[in-house]
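Below are the chains, spelled out letter by letter.
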Amino acid sequence: MSADRGRPARRLLLGPVQIAAVVVLIFALTEALPGDAAVALAGDQPDPERIARIRESMGLDRSMGGRFGAWVERLAHGDLGTSLVSGRPVADLLADGFGPTLVLAGVTVVLLVPLSVGLGVLAARREGGPVDRLISALTSAVHAVPEFALGVLLITLFALELRWLPPTAVGTDGDLLGRPAVLVLPVVVLLSRPVCTIARLVRAGMIDAMASPYVAHARRQGLSGARVCWTHALPNALAPATQQLARTCDWLLSGVIVVEALFVVPGLGTVLVDAVAARDIPVIQGLALVFGVVTVSVNLVADLVTLRLAPRVEVAA
Amino acid sequence: MSRIHPRIPLGASLAGTSRRAFLTAGGVAALTLAVGCTGGTAEPGPRAGTPGEGTPRRGGRLRAAFPGGGANETLDPHLANLFVDVARAKALFDKLADYGADLAPVPRLAAGWEPNATLDTWRVRLRPATFHDGRPVTAEDVLYSFRRIADPARAFRAKAASESIDHAASRVVDPATVEFRLKLPYAEFPNVLAAFGAYIVPAGADSFERPVGSGPFVFGSFKPGSSLLLRRNDGYWDGAPHLDELEFVIAGEESARTNALLGGQVEYAHELNPATARVHEGGGRITVLRLRNSAMQGFVMKTDRPPFDDRRVRQAFCLIADRRELVDGALSGAGEVGNDLFGKGCRYYAASLPQRTQDLVRARALLREAGAEGLTVTLDTAPAATGFVEAAGIFKEQAAKAGVTVQVRIGNKDTYWKDILTAGTLASYRSGAMPIESHVSQRLLTGSTTNATRWRDRDFDELYRQIQSTPDEASRTALYERMQRRLHDEGGFLIWGFADWIVATANRVRGVATNAPANTLDWARFDKVWLG
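Please read these numbers as outputs of a predicted model, since none were measured by experiment.

### Comments concerning the nonpolar core
All names here are of chain B.
Moving on, step 1. Core analysis: the biggest nonpolar cluster contains 137 residues, and Leu-62, Phe-66, Phe-248, Phe-317, Phe-395, Trp-523 and Phe-526 have the highest contact counts within it.
Moving on, step 2. Those residues within four positions of Phe-526 in sequence are excluded, and the remaining contacts are Leu-62, Ala-64, Phe-66, Phe-217, Leu-243, Leu-246, Phe-248 and Tyr-268.
Moving on, step 3. Ranked by size, the runner-up nonpolar core spans 72 residues in total, among them Ala-139, Val-300, Ala-385 and Leu-487.

Printed below as a string of structure tokens:
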């Protein structure tokens, strides 16, 4: 029993360690990018004197250790620094981009759970039937299409040919909820792959659970088929799906980069792409840190939920 | 004088009308003076699209999509770097001069300019114009702007161009006259007044959160990385714009700009791929415009190191290039062939020199003479511009036919220009439109800061100085011809083409100039555009 209680605590402690590792890794990786902000800014006018001047004005002429120390010290005070290129606080840039990305990712996750669980359960309950075969075929096919290709296809069909939906979010200034029509296609693209993955996992988990001795026992007790399915089989089937859902949240952070570029959404993905092109190190570091912290936290929550949903997983482990 | 025609103000107040009429008249008088005293101010070509497009209609908002710099964008016009920066800067601000379609400077805020006999002191007279807050544009503002650009602690792009000015000795003669003292005689000094990023800002301005300029549009609101909304400046000295509002929106992906245009979310999309242009050209849904001669495309050969320190090897490489094949393959045909000379269509361009074509027999003979048969060269390239990697691949195959092995090395696009400036021997190169003089002074003199061909030659430097000390235009033209003959014969630039810059508009957009290469006065000139 004590091992059972110790495990969530140990899992909780691991979080800050992972975040510290992320901080060091981010700095090392951004240092490894070829060229710096001065070179990127000078572009096709790489006058060496001008590059030296820009470098000086950006403080890039300081030593690597000095810059790392200064960065960590500022982080400890909750200061993400200022953009090399515009001089705006990194926190402001992130705050501007956060809204649209949160809306995209949030709407996707909110729709993802009922859609994928519903499809998975439906297929499992009709195992081997035409509905199951249709769902399985569709989820395999859609999963094989890259987001970019699917996006282009959907835009061409629904925005440019049928003219039912706007092709991009241009002109919304990031206020996506004010113009919900612009959200439809990006969310469909973001949903396409995770829905397929999770629906298949739920289906497999449900089929296993429905065949397990305890479900057979519940049936012998005379419980209704629906009650057995939703309250006894599903929680067990959801354990692997929860892990996958956590991985999907990580994936969404990268998925939004493609979708934001394709649909012109001024979110964090766009901020990241621009910052990397401009070698705007403080912005890249700030974003990577936010992404890192989100990933670590989401996985922490997912692990704790899994432990709660299916304690046998760890007993067996 | 065809450009300065009286515009009929519709629905403006009487006061506004009379004031504008005065300014227009002043403009005509001033421009006449300007042409008179410089003896060489070329008129830009007629504004394409003006005839046959009907009478300009006032009103409406035009939304223009550009690729941008993201959430880091600023409206400081002196920091302009990307096309969108320039388009926004020219909507809000003015320069003293700007480039006509042939890249010769055309007076803007300057009413005219005149040099002294030794071409090292220039008096620039200003036309009556006001900033958006009502203050007049004065000589003080002009001096402040040029001193800000030259600030050694900053790294403004126009700094290099303004290096010729002795800022301490330059002075205000009267509120409407500036005297620029130069460090050396400089016959083409007006190029500096039109230089990339040389905008006039109010004296003391250093913050551009809410920019105040003298341009055709007034600041409305700005969301970096997303949109900039501007309103018509009714008091603009060159005639109020037809549009009520102009909105710049940012869309980095070319497909997104095209889709937004097709979907009716914007009316103007800057920078489309040749392939996209071909799909939609003549399709009727949108109007595709090709701005000719907008970007020179070529390769640079480092003339200071083997194998290109031998002029015969350089000549052989120029003869290897099948220019038509490069234009068709790398630019999908969206361009014209080059003749190893910069500035096709520009003032002073030596159009009389014979067009170089592929001659593999002669190329092989030259390589043999130079003892360079079976040569292997590394060609540096990167996806830093449209067609770079494709052109490198095509050239590799062309070179193989002359027995030369070209190894294509693909580098990092974000640091490409710095990487190839001093390292390597052969590299892909492109350049936006600029006067031939700027190309020479920035890239071909011993002291040039971006001399990617490492072309350093005392006689050549001396010839440039001689051109800039020659007041007479005809003599300058002859000297430029001599200079270009030399470059054509043995220079390090293999210039195989000039790419079109492709923009597209909604069909109801009128008044977009088609003869203006990117970065010239009439390019992205939204004050002359209207919605039909």
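### Re the state of the cysteines
Moving on, step 1. Within this structure, the stated rule accounts for zero disulfides over all chains.
Moving on, step 2. Considering cysteine sulfurs only, B:Cys318 is the nearest to B:Cys346, which forms no disulfide, with 19 Å between them.

### What about helix H10 (residues 388-400) of chain B?
Residue and element names in this part refer to chain B.
Moving on, step 1. The end-to-end C-alpha distance of H10 is 19 Å, a good match for the 18 Å that 13 residues give at a rise of 1.5 Å each.
Moving on, step 2. Buried within H10 are the following residues: Phe-388, Ala-391, Ala-392, Ile-394, Phe-395, Gln-398 and Ala-399. What you see down the axis of H10 is that its buried residues fit within an arc of 165°, all on one side.

### What to know about the UniProt feature "transmembrane region" (unreviewed entry) in chain A
Moving on, step 1. In the numbering adopted here, UniProt assigns the feature "transmembrane region" (unreviewed entry) to residues 12-30, 102-122, 134-160, 180-202, 251-277 and 283-302 of chain A.
Moving on, step 2. Between the C-alpha atoms that bound residues 251-277 of chain A the distance is 22 Å, and the span itself is 85% helix and 0% strand.

### Brief notes about the packing of helix H8 (residues 323-330) of chain B against H10(B)
Residues and elements named next belong to chain B.
Moving on, step 1. Running from N to C, H8 and H10 cross one another at 145°; their axes reach a closest spacing of 9 Å. Where H8 crosses over H10, the two elements pack in a sense that is right-handed. Along its contact with H8, which presents Glu-325, Leu-326, Gly-329 and Ala-330, the element H10 presents Glu-390, Ala-391, Ile-394, Phe-395 and Gln-398.
Moving on, step 2. Grouping the constituent residues of the contact of H8 with H10 by class yields five nonpolar, two polar and two charged.

### A short note on the interface of chain A and chain B
By a widely used convention, the size of an interface equals the accessible area lost when the partners come together.
Moving on, step 1. Between chain A and chain B, the residue contacts involve 41 residues of the former and 39 residues of the latter.
Moving on, step 2. Taken over both partners, the interface formed by chain A and chain B buries close to 3,500 Å², and the fraction arising from carbon and sulfur atoms is 53%.
Moving on, step 3. Across the chain A-chain B interface, the total number found is two salt bridges.
Moving on, step 4. Where chain A packs against chain B, one counts five residue pairs in polar contact (both at pLDDT 80 or more).
Moving on, step 5. Of all the secondary-structure elements, those providing two or more residues to the side of chain A that touches chain B are helix H2 (37-42), helix H3 (48-58), helix H7 (147-161), helix H10 (225-263) and helix H11 (268-277) of chain A.
Moving on, step 6. In terms of residues, the side of chain A that touches chain B owes the most to one element, H3(A), which gives six residues.

Cut-offs applied
Residues numbered from 1 in each chain as written. Chains lettered and ligands numbered in written order. Predicted model: local features only at pLDDT ≥ 70, side-chain atom pairs only at ≥ 80, totals over all residues. Heavy atoms only, no water. Core = buried A, V, L, I, M, F, W, Y, C linked by side-chain atoms within 4.5 Å. Buried < 20%, exposed > 50% of the residue type's maximum accessible area, 1.4 Å probe, protein only. Contact = heavy atoms within 4.5 Å. Disulfide = S-S within 2.5 Å. Helix = DSSP H or I, 4+ residues; strand = E, 2+ residues; numbered from the N terminus. Expected span 1.5 Å × (residues − 1). Arc of directions from axis to C-beta. UniProt positions renumbered as here; feature names shortened; annotations may be inferred. Axes fitted to C-alpha atoms, helices over the stretch in contact; angles between N-to-C directions. Left-handed = near helix turned anticlockwise from the far one by under 90°. Nonpolar A, V, L, I, M, F, W, Y, C, P; charged D, E, K, R; others polar. Buried area = accessible area lost by both parts, 1.4 Å probe. Salt bridge = Lys/Arg side-chain N within 4 Å of Asp/Glu carboxyl O. Polar contact = N/O pair within 3.5 Å; in protein donor to acceptor, adjacent residues only side chain to side chain.

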